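As a plain string of letters, each chain reads:
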Amino acid sequence: MLQPKRTKYRKMHRGNRRGSSQSGSQIAFGDYALKATSTAWVKANQIEAARRAITRHFRRGGQVWIRVFPDKPITSKPAETRQGGGKGAVDGWVAVVKPGRILFEVSGVSQPLAREALRLASQKLPVSTTVLYKNDMQGNFD
């Protein structure tokens, strides 16, 4: 599971998720990419599930780049606990995803294979996505 090796502070504020992604919105490594079109917190296990869906569909061919990293700690208090007593313990890690963010990039496979693999990966994620092609940076395949 993805998580930081060490952090400066154990716990973090929730923050806001307004606006669109400025960094990480261009294809940089691969030929095909999965781009977020909505806002969400993507958990580390969801990123891993999407990565596994892509690599299994490729059957050990191609190359995959993960362009998001879960570096935000999420806390939770136990069930049926009274209020007060401070912030809960760190429960997991999430990546803040805004519209326009590239989540995964792939290369080394044919266009139909890459498109299907990225479609399978998008079903594992809590964000709505679109598939991009390197030469067609404006829109998707459709």
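Further up the page is the structure itself.
Only a predicted model underlies this, so the values are computations on that prediction, with no experimental measurement involved.

Undergrad: Before we move on, could you go through the side chain of R67 and cite the residues and values that matter?
TA: Looking at where R67 falls in the secondary structure, it is placed in the loop between β3 (63-66) and β4 (72-76). With relative accessibility at 16%, the residue R67 sits in the buried group. Polar side-chain contacts of R67 include one of 3.2 Å to the backbone oxygen of Q26. Apart from the residues lying within four places of it in its own chain, the contact partners of R67 are G24, Q26, A28, F29, R101, I102, L103 and E105.

Undergrad: Could you give me a rundown of the layout of surface pockets, with the residues and numbers involved?
TA: The calculated volume of the largest pocket comes to roughly 200 Å³. For the largest pocket, the lining is made up of 13 residues, of which K43, D91, G92, W93 and V94 are closest to its centre. Elements supplying a minimum of two residues to the lining of the largest pocket: β2 (40-43), α1 (44-58) and β5 (89-97). A class-by-class count of the residues in the lining of the largest pocket yields 7 nonpolar, 4 polar and 2 charged.

Undergrad: Account for the packing of α1 against helix α2 (residues 111-122), naming residues and giving values.
TA: Running from N to C, α1 and α2 cross one another at 150°; their axes reach a closest spacing of 8 Å. When the interaxial angle is binned, α1 and α2 end up roughly antiparallel. As α1 packs across α2, the resulting crossing turns out to be right-handed. Taken together, the residues of α2 that come into contact with α1 (itself represented by A50, A53, I54, H57 and F58) are L113, A114, E116, A117, L118, L120 and A121. In the contact of α1 with α2, the residues fall into 10 nonpolar, 1 polar and 1 charged.

Undergrad: Talk me through the packing of aromatic side chains; I want residue IDs and the actual numbers.
TA: Under the counting rule described, the total for this entry stands at 2 aromatic pairs. An angle of 20° between the planes, with centres 5.9 Å apart, marks the rings of F29 and W65 as stacked. One end of the pair, F29, is in the segment before β1 (32-36); the other, W65, is in strand β3, with 36 residues separating them in the sequence. Judged by relative accessible area, which is 48%, F29 ranks as partly exposed. Residue placement shows R17 over the ring face of W41; its charged tip is 4.9 Å from the ring centre.

Undergrad: Residues and numbers for α2, please.
TA: A turn of α-helix holds 3.6 residues, and therefore any two residues three or four places apart point the same way. For α2, which comprises 12 residues, the first-to-last C-alpha distance of 16 Å matches the rise-based estimate of 16 Å (1.5 Å per residue) to within 8%. Packing partners of the buried residues in α2 comprise β1, α1, β6 (102-107) and β7 (129-133).

Conventions used here
- Positions within a chain are numbered from 1, following the residues in the order the chain's sequence is written.
- Local features in this predicted model are restricted to residues of pLDDT 70 or higher, and side-chain atom pairs are both shown and tallied only at a pLDDT of 80 or more, whereas totals for entire chains, interfaces and linings draw on every residue.
- The basis for the side-chain values is all heavy atoms of the structure; hydrogens and waters are excluded.
- Each helix corresponds to a stretch of at least 4 residues labelled H or I by DSSP, and each strand to a stretch of at least 2 residues labelled E; elements are numbered beginning at the N terminus.
- A simple rule labels every residue: compare its accessible area, found with a 1.4 Å probe on the protein chains alone, to the largest value its type can have, and call it buried under 20%, exposed over 50%, or partly exposed in between.
- Think of a polar contact as two N or O atoms within 3.5 Å of one another; within protein, one of them needs to be a possible hydrogen donor and the other a possible acceptor, and neighboring residues in sequence only count if both atoms come from side chains.
- Throughout, a contact is declared for two residues whenever any of their heavy atoms are within 4.5 Å.
- Put simply, the grid is 1 Å and covers the protein atoms alone, a cavity is a trapped set of points that fit a 1.4 Å probe, a pocket is an open set with protein on both sides within 12 Å along at least five of seven lines, and lining residues have an atom within 4 Å of a point.
- Grid points are joined across faces, edges and corners, and a volume is the space filled by probe spheres set on the points.
- Throughout this entry, Asp, Glu, Lys and Arg are counted as charged residues, while Ala, Val, Leu, Ile, Met, Phe, Trp, Tyr, Cys and Pro are counted as nonpolar. The remaining residues, Gly among them, count as polar.
- Angles run from 0 to 180 degrees between N-to-C directions of axes, and those axes are lines fitted to C-alpha atoms, restricted for helices to the stretch in contact.
- For classification purposes, angles smaller than 35 degrees are called roughly parallel, those larger than 145 roughly antiparallel, those between 65 and 115 roughly perpendicular, and all remaining angles oblique.
- Should the near helix be turned counterclockwise from the far one by less than a right angle, the crossing is left-handed, whereas a clockwise turn marks it as right-handed.
- Paired rings are identified among Phe, Tyr and Trp, the last through its six-membered ring, by centres lying within 6.5 Å, and are further divided according to the angle between planes into stacked (under 30 degrees), edge-to-face (over 60) and tilted (the rest).
- We call a charge positioned above a ring when the Lys NZ or Arg CZ atom is no farther than 6 Å from the ring centre and deviates by at most 35 degrees from the ring normal.
- Any helix carries an expected span of 1.5 Å times its number of residues minus one.

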